[in-house]
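Topology and contacts: notes
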Amino acid sequence: MEFEPVIGLEVHVQLNTRSKIFCGCSTTYKAEPNSQTCPVCLGLPGVLPVLNEEALRKAIMAGLALNATVAEYSKFDRKNYFYPDLPKAYQISQYDRPICSGGFVEVTTSTGTKKIGITRLHLEEDAGKSIHSDEPGNRVSYLNFNRTGVPLAEIVSEPDIRSAEEAYEYLQNLKTIIKYLDVSDCNMEEGSLRCDVNISLREKGVDKFGEKVEVKNLNSFKAVKTAIEYEMRRQAEILEDGGGIIQETRLWDADRGLSFSMRSKEEAHDYRYFPDPDLPPIKPDPAYIARIRESIPELPDSRKERFVAEYGLSPYDAGVLTSARPLAEYFESTVKNGAIPKKASNWIQSELLARIDTPENIGSFVVTPAMLAGLLGLIENNTISGKIAKSVFEEMTETGADPETIVREKGLTQVTDTTAIDSIIDRVIADNPESVADFKSGKERALKFLMGQAMKESKGKANPQIVNELLLKKLK
Ligand SMILES: [Zn+2]
């Protein structure tokens, strides 16, 4: 039998507001446990939650950027379940009236470009964190409520994904867009982006979906990919043996590379959803939505197209440079400072990206766009060679000095004076009679060697083009 996976993703994005969604507590990460709590987020009796307008604005902005529609009428509901790190015994979420619905994210994979539908984006509060100690004699559980009430946007995709590769691309694009908007830092290690996978298999050519399994605890995009591949194999084996898939929630174990059953999947009615009586419905004014729409920055896809059209970059280069907003801004600023776009693109990709841990941090890199443009200008006007430029760049990253200053102080200016180069070449020819003879008998490689010797002799400062011309003239 040949099977096809049907995959949908649920992504939780922590919105980067300064305070929590229904109270004024700070959302700073890694604060002293339970130092960022108040009666509202601890769920004490008699308190009244109040919606943080910034969380609403950021959720709407994300929805608009994902091509979704903002609801004219939306409301909050209580999702009831008991869990030690959920002090109210219910989570404030949105059930049948999410703030946004019906969008899409475009993905390009080896099989082409397609749109992955987005069913909905809703607002909800996060739960706290339980920490279990297994130390002998100290088997206790700790509860930290600092995260309780932090705003989340849950983005649910349609079951449109048909491979692990598509799932990976979808997540990658979604993350890039969210980061461009600056509505979340999407840091998976700190839990500000979490992803659950819903996956079922069906026989190829069959329309009906199979029983689905939810996989949780995926803490990297790579884990999502591996878990999907694992589930596809596991479910195919069961189906081939004539067995049935049980609808359940499974946990992913990244160390062992397998998933295991956690609990049978709960249905919506298990949560006894009902409208939260403490929070008024949201009816956003069209003018308010229009203002948010206007504040959306240029998004990665259109920026990539513009880089191709405006700067003549290849789609590949434009894709790399627009993969993070700070990187795209660094590149454009280098060009505005006078660098040739193609040269700036090459230099950033080959020399600069290797020296920073993530393109997100390029804004604080010691070499500013103006300094890089200055360095590229020195190559362009033949003051230094490309090779010398690499060592100048190295020094710029270490000392933060200007390229012009380094070149002047170290006497690195390129030698273009033909008499000086002439004498170097004479020496190289005199010292390497064998190579000269090789060249004369037609061995082209000998020229490369002699050229290298001459450049070495000049300590890399001779203009390579002039060396090449003079060398050929003398040899012939
Ligand atoms: Zn609070």
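What you see is a predicted model; the values in this text were computed from it and never measured.

So, the overall build of the protein
What the protein contains, in helices and strands, is 15 helices and 14 strands. Scaling as 2.2 N^0.38, a compact globule of 476 residues should have a C-alpha radius of gyration of about 23 Å, whereas the protein reaches 30 Å, well beyond that. With respect to the principal axes defined by its C-alpha atoms, the protein has extents near 90 × 60 × 55 Å. The buried share of the protein, taken over its 476 residues, is 46%. Restricting the contact set of the protein to residue pairs at least 6 apart, pairs at least 24 apart contribute 69%. Accessible area for the protein stands at about 24,100 Å²; split by element, carbon and sulfur atoms hold 50% of it. Computed over 60 positive and 72 negative side-chain charges, the inter-centroid distance for the protein is 3 Å.

Overview of unusual backbone geometry
For N67, which is not a glycine, the phi torsion comes out positive at approximately 65°. Along the chain, N67 falls in the loop between α1 (53-65) and β2 (69-70). Overall, the relative accessible area of 38% leaves N67 in the partly exposed class. Non-glycine residue N217 carries a positive phi angle of around 70°. With respect to the element layout, N217 can be found in strand β11 (residues 213-218).

Thoughts on the coordination of the zinc ion
The protein atoms that coordinate the zinc ion are C23 (SG), C25 (SG), C38 (SG) and C41 (SG), at distances spanning 2.3 to 2.4 Å. Each of the four donor atoms bound to the zinc ion contributes to angles spanning 101 to 114°, and the resulting shape is tetrahedral. If you list the donors of the zinc ion from N- to C-terminus, the spacing comes out as C-x1-C-x12-C-x2-C. One end of the pair, C25, is in the loop between β1 (3-14) and α1; the other, C41, is in the loop between β1 and α1, with 16 residues separating them in the sequence. Overall, the relative accessible area of 9% leaves C25 in the buried class.

Considering the pairing of strand β13 (residues 258-264)
Summarising the sheet, strand β12 (residues 248-253) and β13 pair through six bridges and their orientation is antiparallel. In the strand pairing of β13, W252 is matched with S259.

Comments concerning the pattern of salt bridges
For the structure on display, the rule yields 36 salt bridges. A salt bridge links R139 to D134, with the nearest nitrogen and oxygen atoms 3.6 Å apart. Here the two residues R139 and D134 agree in accessibility, since each one is exposed. A network of salt bridges, in which partner residues are shared, links E298, R303, R306, E310, R325, E329 and E332.

Some thoughts on a nonpolar patch on the surface
Together, I131, V140 and Y142 line one region of the surface with nonpolar side chains, adding up to about 250 Å² of accessible area. Turning to its location among the elements, Y142 is positioned in strand β8 (residues 141-144).

Description of the layout of surface pockets
If a probe the size of a water molecule is rolled over the atoms, the empty space left behind becomes visible. Computed from the structure, the second largest pocket encloses a volume of approximately 1,200 Å³. Forming the boundary of the second largest pocket are 41 residues, of which Q172, N173, T176, P300 and S323 lie nearest the centre. Tallying contributions element by element places helix α2 (residues 164-181) first for the lining of the second largest pocket, with seven residues. Of the residues assigned to the lining of the second largest pocket, the class counts are 16 nonpolar, 14 polar and eleven charged.

Structural notes on the packing of helix α10 (residues 386-399) against helix α11 (residues 403-410)
At a minimum axis separation of 10 Å, α10 and α11 run at an interaxial angle of 115°. Viewed along their axes, α10 and α11 adopt a mutual orientation that is roughly perpendicular. For the pair α10 and α11, the sense of crossing is right-handed. Counting all contacts with α10, which are made through V392, E395 and M396, the residues of α11 involved are P403, I406, V407 and K410. Looking at the contact of α10 with α11 residue by residue, the class counts come to five nonpolar, no polar and two charged.

Focus on a negative patch on the surface
A grouping of D182, D185, E189 and E190 is seen on the molecular surface, where their side chains present a negatively charged patch. Here D185 shows up in the loop between α2 and β10 (193-203). Classification of D185 as partly exposed rests on a relative accessible area of 39%.

Some thoughts on helix α12 (residues 418-431)
Given a rise of 1.5 Å per residue, 14 residues ought to cover 20 Å, and the 20 Å separating the end C-alpha atoms of α12 matches this to within 8%. Listed in full, the buried residues belonging to α12 are I421, I424, I425 and V428. Projected onto a plane normal to the axis of α12, the buried residues spread over an arc of 100° and lie on a single side. Looking at α12, the residues exposed on the side facing more than 90 degrees away from the buried face are T419 and A430. Check the buried side of α12 and you find it contacts α14 (445-457) and α15 (464-475).

Thoughts on the domain arrangement of the protein
Parsing the protein into structural domains produces domain 1 (3-290), domain 2 (298-410) and domain 3 (418-475). Using only C-alpha atoms to locate each centre, domain 2 and domain 3 end up separated by 33 Å.

Section: the environment of I199
Position of I199 relative to the elements: it lies in strand β10. You can call I199 buried: its relative accessible area is 0%. Each C-alpha atom, one on I199 and one on V11, is 14 Å from the other, the two residues being 188 residues apart in sequence. In this view, I199 contacts P5, V6, I7, E211, K212, V213, V215, I228, E231, M232 and Q235; residues no more than four positions away in its chain are not counted.

A closer look at the environment of Y271
Of note, Y271 is situated in the loop between β13 and β14 (274-275). By relative accessible area, Y271 is classed as buried at 15%.

Details of the sheet that holds β14
The three strands are arranged β4-β3-β14 in an open sheet whose pairing can be described as antiparallel. Where the open sheet ends on each side, the last strands, each with one partner, are β4 (90-93) and β14. Here two bridges tie strand β3 (residues 77-80) to β14, and the two strands are oriented antiparallel to one another. Directly across from D77, in β14, lies its bridge partner P275.

Thresholds, definitions, all that
- Residues numbered from 1 in each chain as written.
- Predicted model: local features only at pLDDT ≥ 70, side-chain atom pairs only at ≥ 80, totals over all residues.
- Heavy atoms only, no water.
- Helix = DSSP H or I, 4+ residues; strand = E, 2+ residues; numbered from the N terminus.
- Rg over C-alpha atoms; globule rule 2.2 N^0.38 Å.
- Buried < 20%, exposed > 50% of the residue type's maximum accessible area, 1.4 Å probe, protein only.
- Contact = heavy atoms within 4.5 Å.
- Areas by Shrake-Rupley, 256 points an atom, 1.4 Å probe, with all protein chains shown as cover.
- Lys, Arg positive; Asp, Glu negative; His and termini not counted.
- Charge placed at Lys NZ, Arg CZ, Asp CG, Glu CD.
- Donors = N, O, S within 2.8 Å, 3.2 Å for Na, K, Ca; no water.
- Tetrahedral: all angles 85-135°; square planar, octahedral: opposite > 155°, others 65-115°.
- Pairing = 2+ DSSP bridges.
- Salt bridge = Lys/Arg side-chain N within 4 Å of Asp/Glu carboxyl O.
- Patch = residues over 30% accessible without salt bridge, like charges linked within 9 Å, V, L, I, M, F, W, Y side chains within 5 Å.
- 1 Å grid on protein atoms, 1.4 Å probe; cavity = no way out; pocket = protein on both sides within 12 Å on 5 of 7 lines; lining within 4 Å.
- Points joined across faces, edges and corners; volume = space filled by probe spheres on them.
- Nonpolar A, V, L, I, M, F, W, Y, C, P; charged D, E, K, R; others polar.
- Axes fitted to C-alpha atoms, helices over the stretch in contact; angles between N-to-C directions.
- Parallel < 35°, antiparallel > 145°, perpendicular 65-115°, else oblique.
- Left-handed = near helix turned anticlockwise from the far one by under 90°.
- Expected span 1.5 Å × (residues − 1).
- Arc of directions from axis to C-beta.
- Domains from an automatic or database assignment.

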